[in-house]
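One letter stands for each residue in the lines below.
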Amino acid sequence: MTDADELVDNDFLRQFELKIGDHFAKIEYSLQERKIFLTKLIIPEEIKDENFTSDFLKLVFDNIEERNLSVVPTNPEIAKFIRRNRQYKKLLPVGLRI
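Read on for a plain summary of the structure. The shown structure was predicted, so the numbers you read here are calculated from the model rather than taken from an experiment.

**Focus: the overall build of the protein chain**
Alright, step 1. Helix and strand counts for the protein chain come out as two helices and five strands.
Alright, step 2. Taking 13 Å as the expected radius of gyration for a compact globule of 98 residues, we find that the protein chain reaches 13 Å, a close match to that expectation.
Alright, step 3. Counting only C-alpha atoms, the protein chain reaches 40 × 30 × 20 Å along its principal axes.
Alright, step 4. Carbon and sulfur atoms make up 45% of the accessible area of the protein chain, which amounts to about 6,200 Å² in all.
Alright, step 5. Here the protein chain holds 16 positive side-chain charges and 18 negative ones, and the gap between their average locations is 10 Å.

Okay, here's the thing in structure tokens:
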């Protein structure tokens, strides 16, 4: 992700955005109380690869952790990322298992 711009939390569209050249990677979310529901992962085919997806999700999860929010992944790809990266399981709400 050498040519990536900074991660943007677009409150109006309720999505995290990362611009790579002419493309946008996005994660749509819904914020309720102190929980953020990650509902949709959109990565254009031109920039999609396993390393990019992992790096993008790490940026998003680090941002969420700084804001002291719990994460509820409703997208299967995001849930799979949490299973592979156990350090982010602490962000899950009490009682939620993936």
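Having seen the model, we can carry on.
**Remarks on the sheet that holds strand β3 (residues 23-32)**
Alright, step 1. Ordered by their spatial adjacency, five strands build an open sheet running β1-β2-β3-β4-β5, and the pairing between neighbours is mixed. A single partner strand is all that each edge strand has here, and the edge strands are β1 (8-10) and β5 (70-73). Strand-to-strand twist of the sheet, defined as the mean angle between neighbouring strand axes without regard to direction, takes the value 30°.
Alright, step 2. Note: β1 against strand β2 (residues 15-20), three bridges, orientation antiparallel. Opposite Val8, over in β2, you have Glu17 as the bridge partner.

**Some thoughts on the packing of aromatic side chains**
Alright, step 1. The full count for this structure, using the stated rule, is five aromatic pairs.
Alright, step 2. Taking 5.1 Å as the distance between ring centres and 45° as the angle between the ring planes, the aromatic pair formed by Phe61 and Tyr88 counts as tilted. Separated by 27 residues along the polypeptide, Phe61 in helix α1 (residues 50-66) and Tyr88 in the segment after α2 (76-84) bring together distant segments of the chain. We note that Phe61, like Tyr88, is buried.

**Looking at the nonpolar core**
Alright, step 1. Judged by nonpolar contacts, the single largest core of 26 residues is most densely connected at Phe16, Ile27, Leu38, Phe56 and Phe61.
Alright, step 2. Secondary structure elements with two or more residues in this core: β2, β3, β4 (35-42), α1 and α2.
Alright, step 3. In terms of residue count, the dominant contributor to this core is α1 (six residues).

**Regarding the packing of α1 against α2**
Alright, step 1. Here α1 crosses α2 at 85°, and the two axes come no closer than 11 Å. Here α1 is positioned roughly perpendicular relative to α2, judged by the angle of their axes. Residues Glu50, Thr53, Ser54, Leu57, Lys58 and Phe61 of α1 form the contact with α2, whose own contacting residues are Glu77, Ile78, Phe81, Ile82 and Arg84.
Alright, step 2. Of the residues belonging to the contact of α1 with α2, the class tally is five nonpolar, two polar and four charged.

Procedures and definitions
Residues numbered from 1 in each chain as written. Predicted model: local features only at pLDDT ≥ 70, side-chain atom pairs only at ≥ 80, totals over all residues. Heavy atoms only, no water. Helix = DSSP H or I, 4+ residues; strand = E, 2+ residues; numbered from the N terminus. Rg over C-alpha atoms; globule rule 2.2 N^0.38 Å. Areas by Shrake-Rupley, 256 points an atom, 1.4 Å probe, with all protein chains shown as cover. Lys, Arg positive; Asp, Glu negative; His and termini not counted. Charge placed at Lys NZ, Arg CZ, Asp CG, Glu CD. Pairing = 2+ DSSP bridges. Axes fitted to C-alpha atoms, helices over the stretch in contact; angles between N-to-C directions. Phe/Tyr/Trp six-rings, centres within 6.5 Å; stacked < 30°, edge-to-face > 60°. Buried < 20%, exposed > 50% of the residue type's maximum accessible area, 1.4 Å probe, protein only. Core = buried A, V, L, I, M, F, W, Y, C linked by side-chain atoms within 4.5 Å. Parallel < 35°, antiparallel > 145°, perpendicular 65-115°, else oblique. Contact = heavy atoms within 4.5 Å. Nonpolar A, V, L, I, M, F, W, Y, C, P; charged D, E, K, R; others polar.

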